[in-house]
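Each chain is listed here by its residues.
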Amino acid sequence: MTARPELVAEAASVTFSAGFGGRLRTHALRGLTLRVGGERPAITAVVGESGSGKTTLLRLLLGFQAPTAGTVSFGGRPVAAFGPAERRDFRRRVQAVFQDPFDAFNPFWRVEHPLVAPLMAFGLAPTRAVALEQSAAALAAVGLNPGETIGKYPHQLSGGQRQRVMIARALAVDPSILLADEPVSMVDASLRATILESLWKMNRERGIALVYVTHDLTTAYQVADVVLVLYGGMVMEVGAAEEVIHRPRHPYTSALVEAVPSPDPQVDWKLGDGREAAEPGRPPALGCPFAPRCPHAMPRCTAERPALFRTDAMRAAACFLHERAAAATPAAIQAAVAGAEGGG
Ligand code: SF4
């Protein structure tokens, strides 16, 4: 498989300022280093509650949000320095699927329009007839019957079908990377598995790297190679999905996992259990963001920010309980997991 360009966030931070003179500052993301795509495209689940920084991370990777510190690059070039041609190429190669499939459609256009239009705009189909053929192939690839889909209006499809049209739209332009923001949260439970399987196949069969942003640990575990847990704009834990979910090393991940003691595939394993009351988006200015809720908090936890420590070969946790381990970055853990799965 040909190596595809890598999307890299390097020590990227995003800070929002508000109030007179910008005195109120919110650190939406703090010093995140993450790699997506490249030689071993994996599925990375970014798990977090509302306010954890996951939406900001997605906007950063899509080039919609500039970092206030650090860089975001694609194919070795900073996204901020892209000229019109590079930006256009980036827009094709890095595709997104969002939470609400209905929002993404114009109710007056037939559902093939969002597939045909980008194929023509990116010069990937010489005629509308060819674009329609390519659209039909993309719809079939996500399990839809093109004959029963093309020609319909959005309201004539179910929520699950609309979301699959959106995935087909991303697939049609031959992307390197797909960033999926809660793609199954508004879809019936019975259809979630089908949609997640379409995403999984895009990765395994076509080598498209996937970032799956979710607040649902169950689906993250089902689909991801790497799980990255965000809290207060910081990575709390990152590692192979099996390790993070079954043997968590960070107190926050442990609390999340313990919230459902015996996972039942019929039960959603979500983070919306009232924890939002602790306002994960507004962690203390100093120290560990989880300190106000942590049962293991020590005096230093409110004064110093823990680094990410490599607790195991394929996992790291940002907690002083593991400070004897060497420091690591999420990118190093992603590489270790990809290496193990690729047999390297
Ligand atoms: Fe808890 Fe301290 Fe570890 Fe943060 S660094 S998770 S407060 S023990």
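This is a predicted model, so every value here is computed, not measured. (Residues numbered from 1 in each chain as written. Predicted model: local features only at pLDDT ≥ 70, side-chain atom pairs only at ≥ 80, totals over all residues. Heavy atoms only, no water.)

Q: Hey, could you run me through the confidence of the model for the chain in this one?
A: Caution is warranted with low-pLDDT regions, since their predicted coordinates should not be read in detail. Of the residues in the chain, 90% reach a pLDDT of 70 or more, and the chain-wide mean stands at 87. Mean pLDDT per element in the chain: helix α11 (residues 330-341) is the minimum at 86, and strand β12 (residues 315-317) is the maximum at 97. With pLDDT under 50 throughout, residues 261-279 is counted as low confidence; its partners more than four residues away or in other chains account for 33 contacts. (pLDDT = per-residue confidence, 0-100. Helix = DSSP H or I, 4+ residues; strand = E, 2+ residues; numbered from the N terminus. Contact = heavy atoms within 4.5 Å.)

Q: It is not clear to me how the packing of helix α3 (residues 113-121) against helix α6 (residues 159-172) should be interpreted in this structure. Could you clarify?
A: Angle between the axes and distance between the axes: these two values describe a pair of packed helices. Between α3 and α6, whose axes approach to 9 Å, the crossing angle comes to 10°. One way to sum up the angle between α3 and α6 is to call them roughly parallel. For the pair α3 and α6, the sense of crossing is right-handed. Judged by residue contacts, P114, L115, P118 and L119 of α3 engage V165, M166, A168, R169 and A172 from α6. In the contact of α3 with α6, the residues fall into 8 nonpolar, no polar and 1 charged. (Axes fitted to C-alpha atoms, helices over the stretch in contact; angles between N-to-C directions. Parallel < 35°, antiparallel > 145°, perpendicular 65-115°, else oblique. Left-handed = near helix turned anticlockwise from the far one by under 90°. Nonpolar A, V, L, I, M, F, W, Y, C, P; charged D, E, K, R; others polar.)

Q: Honestly, the pairing of strand β11 (residues 309-312) in this entry has me stumped. Any pointers?
A: Two faces, one strand: in a regular strand the side chains alternate between the faces of the sheet. The pairing of β11 with β12 spans 2 bridges and is antiparallel. Note that in β12 the partner of D312 across the bridge is R315. Turn length for the β11-β12 hairpin, with the two strands adjacent in sequence and antiparallel, is 2 residues. (Pairing = 2+ DSSP bridges.)

Q: Quick question: what am I supposed to make of the sheet that holds strand β8 (residues 209-214) here?
A: Note: strands within a sheet are paired through backbone hydrogen bonds, in either parallel or antiparallel orientation. The 8 strands lie next to each other as β6-β7-β8-β3-β9-β10-β12-β11, forming an open sheet whose pairing is mixed. This sheet does not close on itself; its edge strands, each paired only once, are β6 (94-97) and β11. Pairwise comparison of adjacent strand axes, ignoring direction, gives a mean angle of 20° for this sheet. Against the sheet, helix α2 (residues 84-93) makes contact with β6 and β7 (177-181), and its axis sits at roughly 45° relative to β6, the strand it touches most. Lying on the sheet, α6 is in contact with β6 and β7; it crosses β6 at an angle near 175°.

Q: I'm lost on the packing of aromatic side chains in this one. Help?
A: Within a pair of aromatic rings, the relevant descriptors are the distance that separates the centres and the angle that separates the planes. On inspection of all chains with the given rule, the structure shows 5 aromatic pairs. Aromatic side chains F82 and F90 sit 5.6 Å apart centroid to centroid with 65° between the ring planes, which places their arrangement in the edge-to-face category. F90 shares its class with F82; the two are buried. Taking the centre distance of 4.6 Å and the plane angle of 55° together, the rings of Y231 and Y252 count as tilted. Placement of Y231 in strand β9 (residues 226-231) and of Y252 in helix α10 (residues 251-258) is noted, with a sequence separation of 21 residues between them. (Phe/Tyr/Trp six-rings, centres within 6.5 Å; stacked < 30°, edge-to-face > 60°. Buried < 20%, exposed > 50% of the residue type's maximum accessible area, 1.4 Å probe, protein only.)

Q: Before we go on, may I ask you to explain the nonpolar core in this structure?
A: Nonpolar side chains in soluble globular proteins tend to end up buried together. Residues L7 and L57 are the most contacted members of the largest nonpolar core, which totals 95 residues. If one sorts the elements of this core by residue count, α6 sits on top with 7 residues. Beyond its immediate chain neighbours, meaning those up to four positions away, L7 contacts L34, R35, V36, L61, V72, S73, F74, F90, V94 and I177. (Core = buried A, V, L, I, M, F, W, Y, C linked by side-chain atoms within 4.5 Å.)

Q: Looking at this structure, how should I read the layout of surface pockets?
A: In this approach a probe as big as a water molecule rolls over the atoms, and the regions it shows empty are the leftover space. Approximately 370 Å³ is the volume attributed to the largest pocket. The wall of the largest pocket is formed by 19 residues, among which Q95, A96, V97, F98 and R169 lie closest to the centre. At the level of secondary structure, the elements contributing two or more residues to the lining of the largest pocket comprise β6, α3 and α6. Looking at which element gives the most residues to the lining of the largest pocket, the answer is β6, with 4 residues. (1 Å grid on protein atoms, 1.4 Å probe; cavity = no way out; pocket = protein on both sides within 12 Å on 5 of 7 lines; lining within 4 Å. Points joined across faces, edges and corners; volume = space filled by probe spheres on them.)

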